[in-house]
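# A structural walkthrough
Below are the chains, spelled out letter by letter.
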Amino acid sequence: MPLPFKLARVFLTMHLRDRQALVFSMFFPIASMVALGLFSGAGGDPIDLGLVRGSGGELAAQFIAELEDNPFFTVQEGDEQALRASLIEGDLQMVLVLPEHMQDRAGANELRLLVDPAQTRQLGLLLPIFEKALGGVERELRGNEPLFSL
């Protein structure tokens, strides 16, 4: 048997015989992860979302109502300049700009999403949540049932 394997076996045997080392190498990290997971507020806060209402149509009103009912978001409506200022100050995490004329349910609507460039690290975490929530809003508006459920 090569020397590195012999040394690894000897050091592993020494480690397994030392009870204090076992506690600090196995039990303590697991206990600290559980404690931090329970007390860190892992429930998550809703995303502070600014909303610029582009049109006053029925589809836009339904879309906004579904967003406000969604527990992932805290919606604040306003004009684009005021919401941009709030975004830069850090009061909002995202600003969603609805188009001037939202099409009917059959067509695709392009929404603009404004994000503070200083918070691009969080964008990778927020976008999947945002897209999933928008998918739920779309299903509610179209009256579709989800294909899968976890």
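Here's a quick rundown of the structure.

Rules used in this analysis
Residues numbered from 1 in each chain as written. Predicted model: local features only at pLDDT ≥ 70, side-chain atom pairs only at ≥ 80, totals over all residues. Heavy atoms only, no water. Helix = DSSP H or I, 4+ residues; strand = E, 2+ residues; numbered from the N terminus. Contact = heavy atoms within 4.5 Å. 1 Å grid on protein atoms, 1.4 Å probe; cavity = no way out; pocket = protein on both sides within 12 Å on 5 of 7 lines; lining within 4 Å. Points joined across faces, edges and corners; volume = space filled by probe spheres on them. Nonpolar A, V, L, I, M, F, W, Y, C, P; charged D, E, K, R; others polar. Salt bridge = Lys/Arg side-chain N within 4 Å of Asp/Glu carboxyl O. Core = buried A, V, L, I, M, F, W, Y, C linked by side-chain atoms within 4.5 Å. Buried < 20%, exposed > 50% of the residue type's maximum accessible area, 1.4 Å probe, protein only.

So, about the environment of Ile129. By the element assignment, Ile129 lies in helix α5 (residues 120-142). A sequence separation of 57 residues divides Ile129 from Phe72, and the C-alpha atoms of the two residues are 8.1 Å apart. The residues touching Ile129, leaving out its near neighbours within four places in the chain, are Ile47 and Phe72.

Right, let's get into the layout of surface pockets. There is about 200 Å³ of room inside the second largest pocket. Lining the second largest pocket, in full, are Glu66, Asn70, Pro71, Phe72, Lys132, Ala133, Gly136, Val137, Arg139 and Glu140. For the lining of the second largest pocket, the leading source of residues is α5, giving six residues. The class makeup of the residues in the lining of the second largest pocket is four nonpolar, two polar and four charged.

What follows concerns the pattern of salt bridges. Opposite charge on two side chains lets them pair, provided their charged atoms get close. One pass over the full model with this rule turns up three salt bridges. The salt bridge partner of Glu80 is Arg84, with a shortest N-O separation of 2.9 Å. Taken together, the residues span about one helical turn, with Glu80 and Arg84 both in helix α4 (residues 80-89) at a distance of four residues. Members of the salt-bridge network, linked through shared partners, are Glu80, Arg84 and Arg112.

Counting residues in hydrophobic clusters, the biggest one holds 17 residues, and the most contacted among them are Leu49, Phe63, Leu67, Phe73, Leu96 and Phe130. Secondary-structure elements contributing two or more residues to this core are β1 (47-52), α3 (58-69), β3 (94-97) and α5. Tallying contributions element by element places α5 first for this core, with six residues. With residues up to four places along the chain from it excluded, the contact list for Phe130 reads Leu49, Phe73, Met94, Leu96 and Leu113. Residues Val52, Leu92, Val95 and Val97 belong to the second largest nonpolar core, which totals seven residues.

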